[in-house]
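These are the residues of each chain, in order.
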Amino acid sequence: MTDASTPAPIRIDIWSDIACPWCYIGKRNLENGLASVAGDEDAPQVEITYHSFELSPDTPVDFHGSSEDFLAQHKGITREQAKQMNDRVAQIAEQQAGLHYRFDLQQHTNTVKAHELIHFAKEHGRQVEMTERLMSAYFVEGRHVGRVDELVELAGEVGLDADAARDALESDHYLPAVRQDQAQARAFGINGVPFFVIDGKYGVSGAQPPEAFAQVARQVWAEHRGEQPAS
């Protein structure tokens, strides 16, 4: 049983998109930053919740073309410029976060169903695992995260009930939750991801280095320890 004087965990709400390369880097940097403070004498306790954000909601489920084709169309740049962008992001992902991006395998798609699946996973206590599995599938393995059949298979890989996941996706059961997340992002003025909201009052934008997340965690945890226990 938790002692009454134990500070409440730090709440970290993260707005991200499965198709956002910086979101996966930011996720890993946050995890590494938190891991670096886990050995502290009074290590911060943290609760993480992921929220939906679509960078390109008009993307079709089946985009016909390469990653460079998508970037060139989406950003109005040449394919060579798009390749240079991908190469730079892949280098940063590898060097800073230990992630081996495979843009040559990537299948661009609409991510709304993936976000619905993350909400389904949240209800069953597997949200963080599902988010990790989807991002790895998309950026590292070149899997299609827009089709229900593929999403159901990925859900099963993290221990979720495949039939229940299919029912949830085919019925759009969690679509209102996705839209609610997006509305909250607009209310907060979030127009880019990843975006981290700490305890509902501190905002951290972008894929900050692990050291930055560690510093924030220590600072906020110190604030928690200074609070009077709730009566």
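Please refer to the structure higher up on the page.
So, a few notes on the structure that sits alongside this text.

## Some points on the overall build of the protein chain
Part 1 of the argument: Scanning the protein chain from terminus to terminus reveals nine helices and four strands.
Part 2 of the argument: Going from N to C terminus, the protein chain has its helices and strands arranged as β-α-β-α-α-α-α-α-α-α-β-β-α.
Part 3 of the argument: Expected size for 231 residues packed as a compact globule is a radius of gyration near 17 Å; at 18 Å, the protein chain falls within 12% of this value.
Part 4 of the argument: Considered along the principal axes of its C-alpha atoms, the protein chain spans approximately 60 × 40 × 30 Å.
Part 5 of the argument: Counting only contacts in the protein chain whose residues sit at least 6 apart along the sequence, the fraction spanning at least 24 positions is 72%.
Part 6 of the argument: Total accessible area on the protein chain is roughly 11700 Å²; 48% of this is exposed by carbon and sulfur atoms.
Part 7 of the argument: Charged side chains of the protein chain number 20 positive and 36 negative; the gap between the two group centres comes to 3 Å.

## Examining the environment of R143
Part 1 of the argument: Mapping R143 onto the fold places it in the loop between α5 (127–139) and α6 (148–157).
Part 2 of the argument: Counting along the chain gives 30 residues from R143 to K113, while the straight-line C-alpha distance between them is 14 Å.
Part 3 of the argument: The contacts of R143, once residues within four sequence positions are left out, are Q107, R133, A137, Y138, E150, E153, L154 and E157.
Part 4 of the argument: Side-chain polar atoms of R143 contact the side chain of E157, separated by 3.2 Å.

## Concerning the environment of F63
Part 1 of the argument: Relative to the assigned elements, F63 resides in the loop between β2 (46–52) and α2 (67–75).
Part 2 of the argument: What makes F63 buried here is its relative accessible area of 16%.
Part 3 of the argument: Placed 28 residues apart in sequence, F63 and Q91 show a C-alpha to C-alpha distance of 25 Å.
Part 4 of the argument: For F63, the residues in contact, after removing those within four places along its chain, are D69, F70, Q73 and H108.

## Structural notes on the packing of α5 against α6
Part 1 of the argument: Two elements in contact, α5 and α6, have axes separated by 10 Å at closest approach and are oriented at 130°. As the angle between them shows, α5 and α6 are arranged oblique. Here the hand of the crossing between α5 and α6 comes out right-handed. Contacts from M130, R133, L134 and A137 of α5 reach α6 at L151, L154, A155 and E157.
Part 2 of the argument: Its residues assigned to classes, the contact of α5 with α6 comprises six nonpolar, no polar and two charged.

Rules used throughout
Residues numbered from 1 in each chain as written. Predicted model: local features only at pLDDT ≥ 70, side-chain atom pairs only at ≥ 80, totals over all residues. Heavy atoms only, no water. Helix = DSSP H or I, 4+ residues; strand = E, 2+ residues; numbered from the N terminus. Rg over C-alpha atoms; globule rule 2.2 N^0.38 Å. Contact = heavy atoms within 4.5 Å. Areas by Shrake-Rupley, 256 points an atom, 1.4 Å probe, with all protein chains shown as cover. Lys, Arg positive; Asp, Glu negative; His and termini not counted. Charge placed at Lys NZ, Arg CZ, Asp CG, Glu CD. Polar contact = N/O pair within 3.5 Å; in protein donor to acceptor, adjacent residues only side chain to side chain. Buried < 20%, exposed > 50% of the residue type's maximum accessible area, 1.4 Å probe, protein only. Axes fitted to C-alpha atoms, helices over the stretch in contact; angles between N-to-C directions. Parallel < 35°, antiparallel > 145°, perpendicular 65-115°, else oblique. Left-handed = near helix turned anticlockwise from the far one by under 90°. Nonpolar A, V, L, I, M, F, W, Y, C, P; charged D, E, K, R; others polar.

Read these as layout, nothing more, since geometry by itself doesn't imply function.
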